[in-house]
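A look at the structure
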Amino acid sequence: NISGRPKLFGGSLEEYCEATGEDIPLILRSCIRVINLYGLHHQGIFRVSGSQVEISNFKEWFERGEDPLAEVTDASDINSIAGVFKLYLRELREPLFPTIYFDHFITLAQHESKQEVVTGIRKFLQTLPRSVVCVMRYLFAFLNHLSEYSDENMMSAYNLAICFGPTLMRAPEDKDQVQY
């Protein structure tokens, strides 16, 4: 990387945060800021594809450490902004929920006791690096906030899970992603 920074897209979240000193990568902060300002009421946010040209341009700017969204004042590019946001999460070298824990999470989800599920997730979170937990908290606070507008944007918790589940917790190659 020309800038001497670790790769943002396709790189390690932990390495990036350590090298830059950012608790939350600029791409997440910037995209979430714009979506909070102009996209909460946008029907189909995260489901409608943006312009591939715009997404690629945003990606290049962010990779250089620049913020192409700093001057955004409307929702005209909101689907492309949501697209680069999802692309970043999808291209992380290791998803936020590491693939090696996939079977563990599937087992947890099958518990009938919500308390057992919560206890299991808490134990798991304690094993993750601080940078990953910070990003998880930031991301899930945003997604929760976005779901509060589901009457308008159609992004209920269920729809958000469909959009983000495969990105945040990829199924191992020997498992059928759709089934899980």
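Residues numbered from 1 in each chain as written. Predicted model: local features only at pLDDT ≥ 70, side-chain atom pairs only at ≥ 80, totals over all residues. Heavy atoms only, no water.

Describing the overall build of the chain
Helices and strands together make up the secondary structure of the chain, namely nine helices and zero strands. Beginning at the N terminus, the succession of helices and strands in the chain can be written as α-α-α-α-α-α-α-α-α. Relative to a compact globule of 180 residues, whose C-alpha radius of gyration would be 16 Å, the chain shows 17 Å and is just as compact. Seen through its C-alpha atoms, the chain measures out along the principal axes to roughly 45 × 40 × 30 Å. (Helix = DSSP H or I, 4+ residues; strand = E, 2+ residues; numbered from the N terminus. Rg over C-alpha atoms; globule rule 2.2 N^0.38 Å.)

Observations regarding unusual backbone geometry
Phi at F46 is positive, roughly 75 degrees, even though this residue is not glycine. The residue F46 is located in the loop between helix 2 (26-38) and helix 3 (52-63) in this model. Here F46 falls in the buried class, since its relative accessible area comes to 2%. Residue M154 is not a glycine yet carries a positive backbone phi of 65 degrees. (Buried < 20%, exposed > 50% of the residue type's maximum accessible area, 1.4 Å probe, protein only.)

A word on the nonpolar core
If you look at the biggest cluster of nonpolar residues, it comprises 52 residues, and the most contacted ones within it are F46, F62, F85 and L96. The leading source of residues in this core is helix 4 (residues 78-91), at eight residues. If we skip the residues at most four places from it in the chain, F46 touches I35, A82, F85, K86, F142, L146, M155, C163 and F164. (Core = buried A, V, L, I, M, F, W, Y, C linked by side-chain atoms within 4.5 Å. Contact = heavy atoms within 4.5 Å.)

Brief notes about helix 3
Given a rise of 1.5 Å per residue, 12 residues ought to cover 16 Å, and the 16 Å separating the end C-alpha atoms of helix 3 matches this to within 8%. Along helix 3, the residues classified as buried are I55, F58, F62 and E63. One face of helix 3 carries all of its buried residues, which in axial projection span an arc of 130 degrees. Each element contacted by the buried residues of helix 3 is listed here: helix 2 and helix 4. Taken from the residues just after helix 3, G65 is the one with a positive phi, measuring 85 degrees. (Expected span 1.5 Å × (residues − 1). Arc of directions from axis to C-beta.)

Structural notes on the packing of aromatic side chains
Tallying each qualifying case throughout the model produces 11 aromatic pairs. Ring centres of F46 and F164 lie 4.9 Å apart, and the angle between their planes is 75 degrees; this geometry places the pair in the edge-to-face category. Of the two residues, F46 sits in the loop between helix 2 and helix 3 while F164 sits in helix 9 (residues 157-168), which places them 118 residues apart along the sequence. Of the two residues, F46 and F164, both sit in the buried class. (Phe/Tyr/Trp six-rings, centres within 6.5 Å; stacked < 30°, edge-to-face > 60°.)

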